[in-house]
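Chain and residue survey
For reference, the chains in residue letters:
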Amino acid sequence: MEKLLTLWHGSGIYNLTLGQAVMILVGMLLLYLAIGKKFEPLLLVPIGFGGILANIPEAGLALSALDQAIEVAKPAVLQQLADVLGVTLDAGASAEAWREALKGVVQEGTSADVLRTARDVAVGVGYGDGMLYSFYTVAIASGIAPLIIFMGVGAMTDFGPLLANPRTLFLGAAAQFGIFVTLLGAVGMTTLGWMDFSLNQAAAIGIIGGADGPTSIYVSSILAPELLGAIAVASYSYMALVPLIQPPIMKALTGQKEREIVMTQLRPVSKREKIVFPLALLILVVLFLPDAAPLLGMFCFGNLMRECGVVERLSDTAQNALINIVTIILGLSVGSKLMADRFLAFETLGILALGMVAFAIGTACGILMAKLMNAVSRMPINPLIGSAGVSAVPMAARVSNKVGLEANPHNFLLMHAMGPNVAGVIGSAVAAGVMIKYLG
Amino acid sequence: MQDMQLLKEGLSLMALGMGFVFVFLTLLVIVTTLMSRFIARFFPEPVAPAPSPGAATSRPAQDNDSMVAIAAAVHRYRRRRR
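Just so you know, these numbers come straight off a predicted model, no measurement behind them. Numbers given for residues are sequential positions, taken from 1 along each chain in its written order. Chain letters and ligand numbers both follow the written order, the letters beginning at A and the numbers at 1. Two thresholds apply to this predicted model, a pLDDT of at least 70 for residue-level local features and 80 or more for giving and counting side-chain atom pairs, whereas whole-chain, interface and lining totals are computed over all residues.

1. Description of the overall build of chain B
Secondary structure elements follow DSSP: runs of H or I of four or more residues count as helices, runs of E of two or more count as strands, with numbering from the N terminus. In terms of helices and strands, chain B carries two helices and zero strands. Residues counted as buried form 13% of the 82 residues belonging to chain B. Any residue with 12 or fewer other C-beta atoms within 10 Å of its own C-beta is exposed, any with 20 or more is buried, and the rest are partly exposed; the C-beta atoms used are placed from the backbone.

And the structure:
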């Protein structure tokens, strides 16, 4: 009988908390969106599955050795940990109360030395880091995974349309307005007392408006790792929603005449220009914003590999095999941040709402900028390509093309929209660099 | 009061960030334009050799074929996307 009880106490059903159950459902929902609705499946499948894994009771896949020991260890070990952490445990209270007390101390943050000693105790009695926790440490906490993805994106990007019409860079700049308005929104909500975001957290939320998954993961891993799960989920789900969010805004801000504007054919761009461009961009980063160097440096490196034409094999690996491997690990690591006690908070709703606003404002600003440029320049510019300034390559450019075709079936805007689209990637990386410089 | 401080910081970060993004991308526009001109001026692309007559005749047919394929694909894509 006693053995049976032990088995029962070790089972998932006995230990499942309400929060974990809800988070497993959230993970299932993400899987449904990815598989059933084709929302960014490449990322949402690993993220959703990682989220489910992270919430398996007792398994502690997403916990560090110390957290795990606190979660499941015997009272004797808890006593040992309490000694190290300098907590006095109430002898009369239950083991559960002890665990809560220890958890509180670890989360409040004590000195790094003490935490290290406590960790040694936990490892000493046989607890290890969970698998997802290790993934997270290696891939995201170190910043490596988003950067390798950025290199792959660089290797997939063709700067031709941008080089043929460099002024579209302004559209990519204007669309970054969404980032900063959202930051202001998050700060405003705090001022009004609705939410409680610090400036760092607000900045990390704002980056969702950059519509660039790796950039937002990179920034939030530096500025607000505690919000990373919600931010990554918001930014990838909204990227998938670009075809739904953007068209109404685009139609509201432009007239039929403007949507019909036919743009002049892009000039051909020579190979030399394409090779020199990433180097020129890199030099500007070196001179003006070294804080954006990790992101833009890897991006330029990937692009140079693509364009120089002598390292086919490396470029091929960067844009296929490597980016796929890293995507799997990145997705699972993000999933590890979908733990109930961190994700099921009122703040998450705020982040989802703000992310949506960020997208909408970025789109609107890009279009308004394009209208302005059309008014002042000799060359006609169709305002629809402005919305592609929120990166989300190549989805946003396709949306511009589609809305343009609805207005005029012979007007192909795709190549024209690719210019602002890749400009948006550069723009959001620059904005990320500024934020890291200012707050990091 | 501390909240007002936060709001102020947010505003200054916004002004600084937006300003910097524009300055940086403006510089990039200038550098790119200069770079393109420089390359066009001093390292012009070698003139493409005149296409051989055989290639010239087969081109249009091929283009028609691919146009048909593209049109069909676009049509199907749009249908699926409603």
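After that view, the rundown keeps rolling.
2. Description of the overall build of chain A
Within chain A, the regular secondary structure consists of 25 helices and zero strands. Only C-alpha atoms enter the radius of gyration; for comparison, a globular chain is expected to reach 2.2 Å times N to the power 0.38, where N is the number of residues. Here the C-alpha radius of gyration of chain A, 24 Å, is about what a compact globule of 440 residues would show, namely 22 Å. The principal-axis extents of the C-alpha atoms in chain A amount to approximately 80 × 45 × 40 Å. A total of 440 residues make up chain A; the buried ones form 54% of that total.

3. Details of the packing of helix α14 (residues 199-206) of chain A against helix α15 (residues 213-223) of chain A
Describing two packed helices takes the angle between their axes plus the distance from one axis to the other. Residue and element names in this part refer to chain A. What counts as an axis is a line fitted to C-alpha atoms, over the stretch in contact for a helix, and the angles between N-to-C directions run from 0 to 180 degrees. In contact at an axis separation of 9 Å, α14 and α15 are set at 175° when each is read in the N-to-C sense. Between α14 and α15, the angle falls in the class roughly antiparallel. Across the interface between the two elements, Asn200, Ala203 and Ala204 of α14 pack against Val219, Ser220 and Leu223 of α15. Under this grouping Gly is polar, as are all residues other than the nonpolar Ala, Val, Leu, Ile, Met, Phe, Trp, Tyr, Cys and Pro and the charged Asp, Glu, Lys and Arg. Across the contact of α14 with α15, the residue classes break down as four nonpolar, two polar and no charged. Convention used here: angles under 35 degrees read as roughly parallel, angles over 145 as roughly antiparallel, angles from 65 to 115 as roughly perpendicular, and any remaining angle as oblique. Our contact criterion uses C-beta atoms placed from the backbone: two residues qualify when those atoms are within 7 Å.

4. A word on unusual backbone geometry
Residues and elements named next belong to chain A. Note that the residue after valine 393, namely proline 394, is joined by a cis bond; omega there is -10°. In this structure, proline 394 sits in the loop between α23 (346-376) and α24 (395-407). Backbone geometry places glutamate 40, a non-glycine residue, at a positive phi of 35°. Position of glutamate 40 among the secondary structure elements: in the loop between α3 (18-35) and α4 (41-54). Located in the positive-phi region is glutamate 58, a residue other than glycine, with phi close to 70°.

5. Side note on the domain arrangement of chain A
All names here are of chain A. Per the annotation, domain bounds derive from an automatic or database assignment of domains. Split into domains, chain A comes out as domain 1 (11-137) and domain 2 (143-439). Averaged C-alpha coordinates put domain 1 and domain 2 at centres separated by 34 Å. At the interface, 27 residues of domain 1 touch 22 residues of domain 2. Only α3, α4 and α9 (131-141) provide two or more residues apiece to the side of domain 1 that touches domain 2.

6. A short note on the interface of chain A and chain B
With 34 residues of chain A at the contact, the number on the chain B side is 27 residues. Going through the elements one at a time, α12 (169-174), α13 (177-192), α14, α18 (271-288) and α25 (414-439) of chain A are the ones with two or more residues in the side of chain A that touches chain B. Grouping the amino acids of the side of chain A that touches chain B by side-chain chemistry returns 24 nonpolar, seven polar and three charged.

7. Notes on the confidence of the model for chain B
Residues and elements named next belong to chain B. In this model, chain B carries a mean pLDDT of 80, and residues with pLDDT of at least 70 account for 74%. By definition, pLDDT measures how confident the predictor is in each residue, and it falls between 0 and 100. Taken as a whole, residues 53-58 scores under 50 in pLDDT and shows one contact with residues more than four places along the chain or in a different chain. Both scores are available for the predicted complex, with the pTM at 0.86 and the ipTM at 0.87.

8. Some details on the packing of helix α20 (residues 312-319) of chain A against helix α21 (residues 321-336) of chain A
Residue and element names in this part refer to chain A. For the pair α20 and α21, the least separation of the axes is 3 Å and the interaxial angle reads 25°. The pairing of α20 with α21 is recorded here as roughly parallel in orientation. Touching Thr317, Ala318 and Gln319 of α20 are Ala321, Leu322 and Ile323, all from α21. Its residues assigned to classes, the contact of α20 with α21 shows four nonpolar, two polar and no charged.

9. Brief notes about the confidence of the model for chain A
As a general rule, the predicted coordinates of low-pLDDT regions are not to be interpreted in detail. Looking at chain A as a whole, its pLDDT mean stands at 91, while 100% of the residues score no less than 70. Within chain A, the element-level pLDDT minimum falls on helix α7 (residues 95-108) of chain A, averaging 82, and the maximum on helix α19 (residues 293-308) of chain A, averaging 96.

10. Looking at the environment of A:Gly128
All names here are of chain A. Locating glycine 128 in the fold gives a position in the loop between α8 (112-124) and α9. What makes glycine 128 partly exposed here is the crowd of 14 C-beta atoms within 10 Å. Sequence-wise, glycine 128 and serine 64 are 64 residues apart; in three dimensions their C-alpha atoms are separated by 7.1 Å. The residues contacting glycine 128, other than those within four sequence positions of it, are Ala65 and Val123.

11. Examining α24(A)
Residue and element names in this part refer to chain A. In this analysis, the expected span of each helix is defined as 1.5 Å times one less than the number of residues it contains. For α24, which comprises 13 residues, the first-to-last C-alpha distance of 19 Å matches the rise-based estimate of 18 Å (1.5 Å per residue) to within 8%. Along α24, the residues classified as buried are Ala396, Ala397, Arg398, Val399, Ser400, Asn401, Val403 and Gly404. Turning to α24, the residues buried within the fold contact α16 (228-253), α17 (256-259) and α25.

12. Digging into the environment of A:Glu58
All names here are of chain A. On the secondary structure map, glutamate 58 appears in the loop between α4 and α5 (65-72). For glutamate 58, a count of 14 C-beta atoms within 10 Å translates into the label partly exposed. When the C-alpha positions of glutamate 58 and glycine 178 are compared, they lie 41 Å apart, and in sequence the two are 120 residues distant. Excluding residues that lie within four positions of it along the chain, glutamate 58 makes contacts with Gly10, Gly12, Asn15 and Val72.

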